[in-house]
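Geometric and topological summary
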Amino acid sequence: MAIEKVRAYFEILGIADRVQEFDVSSATVELAAQAVGVEGARICKTLSFKSPEGCILIQVAGDARIDNKKFKAQFGYKAKMLSAEEVVAYTGHAIGGVCAFAIENPDVKVYCDVSMQRFDTVSPACGSANSAIELTCDELFRYSKAEAWIDVSKLPEEGQK
């Protein structure tokens, strides 16, 4: 089970006791926000995209969307999300619990989007559709072994200008 793999990874880091498991689904931003007890923007969603080398995961704030122009400028190709089957094959995590923790596939690169930096803490999933962990942005970057902070998103108010 993916959550057990993530929990074992966090055990090594000494933070497994911070993993929260819920009796309800946290598979969407809205459900996760209710389960965790925070606004949806503070849920860290992990989005999966095809890359020439395999897959990239972008961790982004719950209220942000990928800006296709920024994505193409950053990576040099159009954003194309993975299918549910491809997500599991690359990450070992199913849709609803996808996270950037305990990923052993060298063809997966992880990035953090700056949309999350406006918060002291964010809450990503932990490999299941009913889990989360509260992390500072620095912890998220470090524990997910992110390559870089990038800006490939737009927030709701930016899309209305």
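This text gives an overview of the structure that appears in the document. (Residues numbered from 1 in each chain as written. Predicted model: local features only at pLDDT ≥ 70, side-chain atom pairs only at ≥ 80, totals over all residues. Heavy atoms only, no water.)

**Topic: the overall build of the chain**
Note the threshold: Helical segments are the DSSP runs of H or I of at least four residues, strand segments are the runs of E of at least two, and each set is numbered from the N terminus. Computation of the radius of gyration draws on C-alpha atoms, with the globule rule given as 2.2 Å multiplied by the number of residues to the power 0.38. Partly exposed residues are those whose accessible area sits between 20% and 50% of the maximum for their type, while under 20% is buried and over 50% is exposed, using a 1.4 Å probe and protein chains only. Whether two residues are in contact is decided by their heavy atoms, any of which lying within 4.5 Å being enough. Here the accessible surface of atoms and residues is derived via Shrake-Rupley with a 1.4 Å probe, and residues count as covered only by protein chains that are part of the display.
Scanning the chain from N- to C-terminus turns up 5 helices and 10 strands. Against the 2.2 N^0.38 benchmark of 15 Å for 161 residues, the chain shows a C-alpha radius of gyration of 15 Å, consistent with a compact globule. Considering only C-alpha atoms, the chain reaches an extent of 40 × 35 × 25 Å along its principal axes. When burial is assessed residue by residue, the chain has 49% of its 161 residues classed as buried. Put simply, of all contacts in the chain between residues at least 6 apart along the chain, 65% involve residues at least 24 apart. About 8,100 Å² of surface is accessible on the chain, with carbon and sulfur atoms providing 50% of the total.

**Some words on the side chain of Gln59**
Within the secondary structure layout, Gln59 lies in strand β3 (residues 54-61). Leave out the neighbours within four places in its chain, and Gln59 touches Cys44, Lys45, Thr46, Ala100, Phe101, Val110, Tyr111, Cys112, Asp113, Met116, Leu140 and Ser144.

**Let's talk about the pairing of strand β6 (residues 121-124)**
Filter applied, for reference: In short, DSSP must find at least two bridges between two strands for them to pair.
Alternating residues of β6 divide into Thr121 and Ser123 and Val122 and Pro124, and every residue in both groups is buried. Note: β6 against strand β8 (residues 135-136), 2 bridges, orientation antiparallel. Bridge pairing links Thr121 to Thr136 in β8.

**Describing unusual backbone geometry**
Phi at Ala102 takes a positive value of approximately 60°, unusual for a residue other than glycine. Looking at where Ala102 falls in the secondary structure, it is placed in the loop between α4 (84-91) and β5 (108-113). Even without glycine at this site, Lys145 takes up a positive phi of about 55°. Residue class for Lys145 comes out exposed when judged on its relative accessible area of 58%.

**What about the packing of aromatic side chains?**
Note the threshold: Between the rings of Phe, Tyr and Trp (Trp by its six-membered ring), a pair exists once the centres lie within 6.5 Å; its type follows the angle of the planes, with under 30 degrees stacked, over 60 edge-to-face, and the other angles tilted.
One pass over the structure, following the stated rule, counts 9 aromatic pairs. When the ring of Phe71 is compared with that of Tyr77, the centres are 5.8 Å apart and the planes differ by 75°; the resulting orientation is edge-to-face. Across the pair, Tyr77 and Phe71 agree in class, each one buried. Here the aromatic cluster, defined as three or more aromatic residues joined through ring pairs, consists of Phe49, Phe71, Phe75, Tyr77 and Tyr111.

**Side note on the nonpolar core**
The condition that has to hold: In this description, a nonpolar core means a group of buried Ala, Val, Leu, Ile, Met, Phe, Trp, Tyr and Cys residues linked to one another through side-chain atoms lying within 4.5 Å.
Core analysis: the biggest nonpolar cluster contains 47 residues, and Phe10, Ile58, Phe75 and Phe101 have the highest contact counts within it. Those elements giving two or more residues to this core turn out to be α1 (2-13), β2 (43-51), β3, α3 (68-75), β5 and α5 (137-143). Top element by residues in this core is β3. It accounts for 6 residues. Residue contacts for Phe10: discarding those within four places in its chain leaves Ile15, Ala16, Val19, Phe101, Cys126, Ile133 and Tyr143.

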